[in-house]
Every structure is written in C-alpha cells, then in structure tokens.
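# Coordinate analysis (summary)
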Amino acid sequence: MKTTRRTALFLMGSSALSACTTGPQFVTRSDSDPFEGGIGGTGIVGTLNGFGSLLVNGLTIELPDTMRVRTPYGRVGVDGLATGQVLTMVANRSASGYAARDVVIDYAVVGRLAPSGGQPSANALPLRAAGAALAGHDLRGTRVAVSGVWAPGGVRPSLIEPAPDARDLIAGTVLRAGDGPAQIGNVELRASGTLPEAGSYAIALGQADQGGFDATEVREGRFTELSSIEQLSVDGYLEPSAS
C-alpha cells in the first residue's frame, strides 16, 4: 500500500477528544482540492510553506502583534520561523480568515547527524528522503534540528537546520509493545520518572546515545488549551493498519 500524505480537518464538540462517542467528522485535502473556512479556536499542525501571512495546510494565517512563538527550548521571535518548519499552532477565526494566537516550532529530533545504513540519521532515528532538506550540504557529524513529518520507518525531513540548544530532543508518538520499553520511532526512552502512555504525543529532552535516549525532561501533548479548540487541521501520512 502506498504511503500517502494528506491534510485532515477534524471538527470537534466542546468535549475532550476521548469523550467523542460518535467519532469526528473529517475531510481530506489534496493539492488540487484545498479547503477553506472553519470556526474559531482552530488547532493546526503542519509544515510552513510560505510567508506574508503563514501558509500552513492550505490555510492562510495572519500574524498579529500579540502572537507568541516558541520552541521546546523556549520563546523566540517571529524571525525564528523558516519555511519547512513543522508548526503546532492555535489560531482564532477572524474577518479575513485566521489569526495566530500561539505558534510552536516542532522539531522531530535534535541531535548529531550521522550516516546509518546508507541514509542519514539523528539520535539513531532514520531520516527518509532527506536530500531535499539537506540541499546538498554535508552536515555529517554536526548537531542539527530536524523538522519533518513522521512516516513509516522514520521521519521525512522538510528542513534541517543548526541545533538551537545543547540538549538533544526527540518528539513523536510513544510506542510500547506489551511490557517492553517505551519508544519514539525505533528509539528507546529512558527516564527516572513515569513515561507517557502508549499513543501519547511526547517531547523528550536529554541526551541520546547508541542505546537509546536518556530523558531529563518529558512533556506530553501538543496543545495546552484543548478546551478552546473546536477543530483541528492536521498534516500527516496515511499508513497501513491491521485494524
């Protein structure tokens, strides 16, 4: 089955996602069939494709002076945004479309870039089809921050840039087989405290090594204000599932 990238718009009620018993409504978007419209309190997860306003998932998002921009390492200015970064944001519906309220630059992995089985990797996480994101630069052995979308077998990078912090990072869905260790992708997470449950989105900060990732801090979830979000626009890959 071909792995396909799609953007989905999920409409939610005022209850939490786990309380939706009838399941969310959704529409999918291809490049030839963009969607528009929506209601206030929109959570958006997608790749930044252009400026003027922010262009993410086919949506145009205005940048008011009150907008806050941050990374997992802390606050940054608007000039920290770059085409190819994956953003998680909350936007309010405005008269002209959407206005960003909070913007988070989401790195999939921050660490040392190294070859692995003929393809680049960072923190032992395979980077699939990374040539375009590297733009011909040989960054092997340097510390980088990788923006991209998770796909089967690793991350498909959309931007590889210099690491903004000395701490390594890995972020994604937590996986766990039975009583086995918690993982993000193929990387084992190790932490002194309790790790998030399987299926949770987590950001781990710490130090990567050959055997996995020693997390000194683990944060769970993408949005801190889910009660105010009434719809989601999410970019990602469809993949085969056994159920």
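Residues numbered from 1 in each chain as written. Predicted model: local features only at pLDDT ≥ 70, side-chain atom pairs only at ≥ 80, totals over all residues. Heavy atoms only, no water.

### A closer look at the packing of aromatic side chains
The final tally for this structure, using the stated rule, is 0 aromatic pairs. A cation over an aromatic ring shows up here: arginine 93 above the ring of tyrosine 98, its NZ or CZ 5.1 Å from the ring centre. Note that arginine 222 overlies the ring of tyrosine 201, its terminal NZ or CZ placed 4.0 Å from the centroid. (Phe/Tyr/Trp six-rings, centres within 6.5 Å; stacked < 30°, edge-to-face > 60°. Lys NZ or Arg CZ within 6 Å of the ring centre and 35° of its normal.)

### Remarks on the confidence of the model for the protein chain
Across the protein chain, the average pLDDT comes to 79, with 79% of residues at or above 70. Contacts for the low-pLDDT stretch residues 12–40, under 50 throughout, to residues beyond four places or in other chains number 44 contacts. (pLDDT = per-residue confidence, 0-100. Contact = heavy atoms within 4.5 Å.)

### Structural notes on the pairing of strand β17 (residues 187–190)
The alternating pattern of β17 places Val187 and Leu189 on a buried face, while none of Glu188 and Arg190, on the opposite face, is buried. As paired strands, strand β16 (residues 183–184) and β17 are joined by 2 bridges and run antiparallel to one another. Looking at β17, one finds that glutamine 183 is bridged to glutamate 188. Where β16 hands over to β17, the hairpin turn is made up of 2 residues, of which glycine 185 adopts a positive phi near 65°. With 2 bridges joining them, β17 and strand β19 (residues 212–220) adopt parallel strand pairing. From the neighbouring strand, leucine 189 faces β19, where its bridge partner is phenylalanine 213. (Buried < 20%, exposed > 50% of the residue type's maximum accessible area, 1.4 Å probe, protein only. Helix = DSSP H or I, 4+ residues; strand = E, 2+ residues; numbered from the N terminus. Pairing = 2+ DSSP bridges.)

### Side note on the environment of alanine 182
Looking at the secondary structure, you find alanine 182 in the loop between β15 (168–175) and β16. A sequence separation of 16 residues divides alanine 182 from alanine 198, and the C-alpha atoms of the two residues are 7.4 Å apart. When near neighbours in sequence (up to four residues on either side) are disregarded, alanine 182 contacts Val174, Leu175, Arg176, Val187, Glu188, Leu189 and Leu195.

### Re the side chain of threonine 42
Inspection of the secondary structure assignment puts threonine 42 in strand β3 (residues 42–50). Among the polar contacts made by the side chain of threonine 42, one reaches the side chain of glutamine 231 at a distance of 3.1 Å. Beyond its immediate sequence surroundings of up to four residues, threonine 42 is in contact with Met89, Val90, Ala91, Tyr98, Ile229 and Gln231. (Polar contact = N/O pair within 3.5 Å; in protein donor to acceptor, adjacent residues only side chain to side chain.)

### Structural notes on the pattern of salt bridges
Counted under the stated rule, the structure contains 8 salt bridges. Two residues, arginine 143 and aspartate 168, come together in a salt bridge whose shortest N-O distance is 2.5 Å. Of this pair, arginine 143 sits in strand β13 (residues 143–151) while aspartate 168 sits in strand β15, and the two are 25 residues apart along the sequence. Classification of arginine 143 by relative accessible area gives partly exposed; the value is 22%. The exposure class assigned to aspartate 168 is buried, which follows from its relative accessible area of 3%. Residue aspartate 165 is joined to arginine 167 by a salt bridge in which the shortest nitrogen-to-oxygen separation is 3.0 Å. (Salt bridge = Lys/Arg side-chain N within 4 Å of Asp/Glu carboxyl O.)

### Focus: the environment of leucine 87
Mapped onto the elements of the fold, leucine 87 is located in strand β8 (residues 86–94). With 61 residues separating them in the primary sequence, leucine 87 and glycine 148 have C-alpha atoms 9.8 Å apart. In this structure leucine 87 touches Ile44, Val45, Gly46, Leu48, Leu54, Val56, Leu81, Val103, Val104, Ile105 and Asp106, once residues within four positions along its chain are discounted.

### Re unusual backbone geometry
Phi at asparagine 123 takes a positive value of approximately 55°, unusual for a residue other than glycine. Looking at the element boundaries, asparagine 123 is found in the loop between β11 (119–122) and β12 (125–126). Its relative accessible area of 9% is what places asparagine 123 among the buried residues. A positive phi angle, near 70°, is found at alanine 124, a position not held by glycine.

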